[in-house]
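Geometric and topological summary
Listed below are the residues making up each chain.
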Amino acid sequence: MRSPLPRRSLLNVCHWHTATAHSKTTYVVYYIYARDCSKEGTTTMTLQQLRYALAIADHGSINGAAKELFISQSSLSGSIKELENEIGFNIFVRTNRGILLTGEGEEFLNYARGISEQFGLLYERYVEKRAKEKFSVSMQHYTFAVKAFIDTVKTAGIDCYEFAVYETTTAEVIENVKNLKSEIGILYRSEFNEKALTKIISENGLEFVELFQCDTYVYLWHQHPLAEKDCISMQELAPYPCLAFDQGKNNSYYFAEEMNSTYEYERLIHASDRATLLNLMVGLNAYTLCSGIICEELNGKDYKAIPLVESEKICIGYVKQKGIKISPIGEVYIYALKHYSD
């Protein structure tokens, strides 16, 4: 690929200042200084020149571009001529039919358009302060947590936002909150993993906040042979495969998302996503152990949660940066989560 600038030019220093056009509109002019390596002296290419060239290319004429930019045709032509002299080739060819791009000019303007757009984003974010509202949450594989996220997006009342949701492993939930990739991380704590998990959470500069407690349920397909029972024991589940979310390299009992993680299952299948887990339930009459908080709106009505006889009390909560106040949008999300404690 050819360089968009002659080899003698090295882009090395930049700054900006404001200038006022005839329309009384304030423009930002971005100066790019290019050092000529073959001789002493400094030449100046401006973002304004690049935008002038882009306007001519978009309109196909100097006259149309000059009207849009509120400058005279002679001033516009002069600015483009200075730019062409600096870069060492013609961007446009003037013909009786109007303005045409040269091959080198087309390549040059591809780079120029990228620079112009990137500067526009930079200016909007840091000068005009038009940054989007941001919010991110990481979670173990909980449908209700996803539904709360959906409700948050719908009720936030924000026109411009950039939200993110990560359904992932226990270790990554903690890591994402620690590194501020997510503001909040949803996970569960039980009597079995509480001591180990609390230590890990604290060592990462985080704190656990309880939302609600619940019992252990068996989650299975509605046509499973045990689907009509009022409650199910581990002995009754023995002939069927148990499904568990894979925790990657941190596949410790303490990081498991399912209750009774130390139980010796005769048939155990690990999966990495919720959709696969649901398919395995249907195809293999498999099951998993869960909190019993089911969202039919997302998972559908083909699955049931039935109380487990050997129930284990669990605590659903969230981790956050220790000592850091939750953002307003984070508070909206937490409020949506608490709805499921009823």
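Residues numbered from 1 in each chain as written. Predicted model: local features only at pLDDT ≥ 70, side-chain atom pairs only at ≥ 80, totals over all residues. Heavy atoms only, no water.

1. Re helix α3 (residues 73-87)
Heads up, the rule is: Where helices and strands are cited, they refer to DSSP runs of H or I of at least four residues and of E of at least two residues respectively, numbered from the N terminus. A helix is expected to span 1.5 Å multiplied by its residue count minus one. Accessibility here uses a 1.4 Å probe with only protein chains present; expressed as a share of the type maximum, an area under 20% marks a residue as buried, one over 50% as exposed, and anything in between as partly exposed. Our arc is simply the arc of the directions from the helix axis toward the C-beta atoms.
Spanning 15 residues, α3 covers 21 Å between terminal C-alpha atoms, matching the ideal 21 Å at 1.5 Å per step. Within α3, burial applies to L76, S79, I80, L83, E84, E86 and I87. Down the axis, α3 shows its buried residues gathered within 160 degrees of arc, on one side only. Residues of α3 that are exposed and point over 90 degrees away from its buried face: S74, E82 and N85. Just downstream of α3 lies G88, where phi reads positive at about 90 degrees.

2. Points about the pairing of strand β6 (residues 133-139)
Applied cut-off: Pairing between strands requires that DSSP locate at least two bridges from one strand to the other. Crossover handedness is defined here as right-handed if the route from the first strand over the helix to the second strand goes clockwise, with the strands pointing away from the viewer.
The buried count for β6 comes to five of seven residues, which makes it a mostly enclosed element. When β6 meets strand β7 (residues 161-167), the two strands line up parallel, connected through seven bridges. From the neighbouring strand, M139 faces β7, where its bridge partner is E167. One crossover worth recording links β6 to the parallel β7 by way of helix α5 (residues 143-155), and it is right-handed. As paired strands, β6 and strand β8 (residues 184-190) are joined by three bridges and run parallel to one another. The residue of β8 that forms the bridge with V137 is I184.

3. A few points about a nonpolar patch on the surface
Stated formally: Only residues whose relative accessible area exceeds 30% and that take part in no salt bridge are eligible for patches, with like-charged residues grouped when within 9 Å of each other and nonpolar side chains (Val, Leu, Ile, Met, Phe, Trp, Tyr) grouped when within 5 Å. The method behind every accessible area is Shrake-Rupley, applied with a 1.4 Å probe, and residues are considered shielded solely by the protein chains displayed. One speaks of a salt bridge when a side-chain nitrogen belonging to Lys or Arg is within 4 Å of a carboxyl oxygen belonging to Asp or Glu.
A contiguous nonpolar surface patch, about 270 Å² in accessible area, is contributed by L122, Y126 and V127. Of note, L122 is situated in helix α4 (residues 103-126).

4. Some points on the pairing of strand β10 (residues 217-221)
Most of β10 is tucked away: four of the five residues are buried. One ladder, built from four bridges, connects β10 with strand β13 (residues 287-290); its direction is antiparallel. Bridge pairing links Y219 to T288 in β13. The pairing of β10 with strand β14 (residues 303-307) spans five bridges and is antiparallel. Note that in β14 the partner of Y219 across the bridge is A305.

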